[in-house]
Amino acid sequence: MTGSPQTTLVLGGTGRTGSLLAKRLADRGRDARTAARHGADVLFDWDRPATHADALRGIDSLYLVTPVMRATYAAQVAAFLDLAEATGVHHVTYLSTYGADDAPPQIDIKAVETDLAARTGITHAILRPAWVMQNFTDTHLPVADGAITVPTGSGTEAFVDAADIAAVAAETLLAPDVHAGARYAPTGPQALTVGEVADIITAVTGQPVTHHDLDPEAWIGGAVAAGVVPADYAVMLRWLTDSIIAGNGSTPNEDVEQVTGRKPTSFREFARRNAHAWAARTGA
């Protein structure tokens, strides 16, 4: 490949990493086109293939975020990548998941990685981030009634700031030849239990927060029954939580610093930056 891509399509462009990535690329002089079902530069819906060609028009590189709240999507993604390759996309950076090699076969995370690796007409980079810190400030793992409710036991996770994931993604898209074939696992600088996360939030906000651990199947069943996640997504929740409970959560590494040149954000730094989000929920 000669030269570098000039326009990047950012799928999930209104999401946690996509919105930050688009701004970062724009700040670096790269045209970034956000794509989502609502509120983005272009309409993109995985279940409406007619939206795909328009989103890809004039695109040279792609930030690939697969369909959310699903476990099976490899065929959809493969068809989209076929179209992307045929319309001139030269590089794809794929937002995968930490520990993708160990994902259950019912989840198509690794299948997409394998698909990308087999394509000779495009280069690719794979990001396998830890759980994002933003889980605790949005609707994923919110502080509710003074507690974070999630079945992780005493296991630890090297929670990572979505901004650090976006920073790594930006480098792979701005210099695709340098990062071709790379696999990065962005993490934070510390492995923390959710109880320790709660302690940090307590210290920063002055409001008591605890970790409410519970039976994993009760938590998953409740999420499905409440319509928070579809039934077939239970396998994903089970794998993610079981990994931490079993002591196989993400561990700190140097990928963020090696790729971006700066150290990753600590959870305490993140908490100070987002204290207002918890204060608003507790009425403090």
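Structure's up top.
Each chain carries its own residue numbering, running from 1 in the written order of its sequence. Residue-level local features of this predicted model are given only where pLDDT is at least 70; pairs of side-chain atoms are given and counted only at 80 or more, and the full residue set underlies all totals for whole chains, interfaces and linings. Processing note: side-chain calculations cover all non-hydrogen atoms of the structure and skip hydrogens and water entirely.

Caption draft 1: Expanded view of the pattern of salt bridges. When a carboxyl oxygen of Asp or Glu is within 4 Å of a side-chain nitrogen of Lys or Arg, the pair counts as a salt bridge. The full count for this structure, using the stated rule, is 15 salt bridges. The salt bridge involving Asp-115 is made with Arg-119; its shortest N-O contact spans 2.6 Å. There is no split in this pair, since Asp-115 and Arg-119 are both buried. Several salt bridges converge on common partners, so that one network encompasses Asp-82, Glu-85, Asp-115 and Arg-119. Residue exposure (1.4 Å probe, protein chains only): buried if accessible area is under 20% of the type maximum, exposed if over 50%, otherwise partly exposed.

Caption draft 2: Structural view of the sheet that holds strand β1 (residues 7-11). Spatially, the 7 strands line up as an open sheet ordered β3-β2-β1-β4-β5-β6-β9, and their pairing is parallel. The strands lining the two open edges of the sheet, one partner per strand, are β3 (42-43) and β9 (183-184). Any two strands with at least two DSSP-identified bridges between them are counted as paired. Think of it this way: any DSSP run of H or I at least four residues long counts as a helix, any run of E at least two long counts as a strand, and we number them from the N terminus. Here β1 runs beside strand β2 (residues 31-36); their pairing, made up of 5 bridges, is parallel. In the strand pairing of β2, Val-10 is matched with Thr-34. In the packing of helix α1 (residues 16-27) onto the sheet, contacts are made with β1, β2, β4 (61-64) and β5 (91-95), and the angle to β1 comes to roughly 165°. Throughout, a residue-residue contact means that at least one pair of heavy atoms, one from each residue, lies within 4.5 Å. To obtain each axis, a line is fitted to C-alpha atoms, and for helices this fit is confined to the stretch in contact; angles are then taken between N-to-C directions over 0 to 180 degrees.

Caption draft 3: Region of interest: the side chain of Asp-161. With respect to the helices and strands, the residue Asp-161 is situated in the loop between β8 (147-149) and α5 (162-174). The class for Asp-161 is buried, based on a relative accessible area of 0%. In contact with Asp-161, not counting residues within four places along its chain, are Met-133, Gln-134, Thr-265, Phe-270 and Arg-273.

Caption draft 4: Highlighting the sheet that holds β8. Read from one edge to the other, the open sheet built from 3 strands follows the order β7-β8-β10, with strand pairing classed as mixed. Whereas interior strands pair on both sides, the edge strands pair on one side only; in this sheet they are β7 (143-144) and β10 (210-212). Where β7 lies against β8, 2 bridges are found, and the strand directions are antiparallel. When the bridges of β8 are listed, Ala-144 appears paired with Ala-147.

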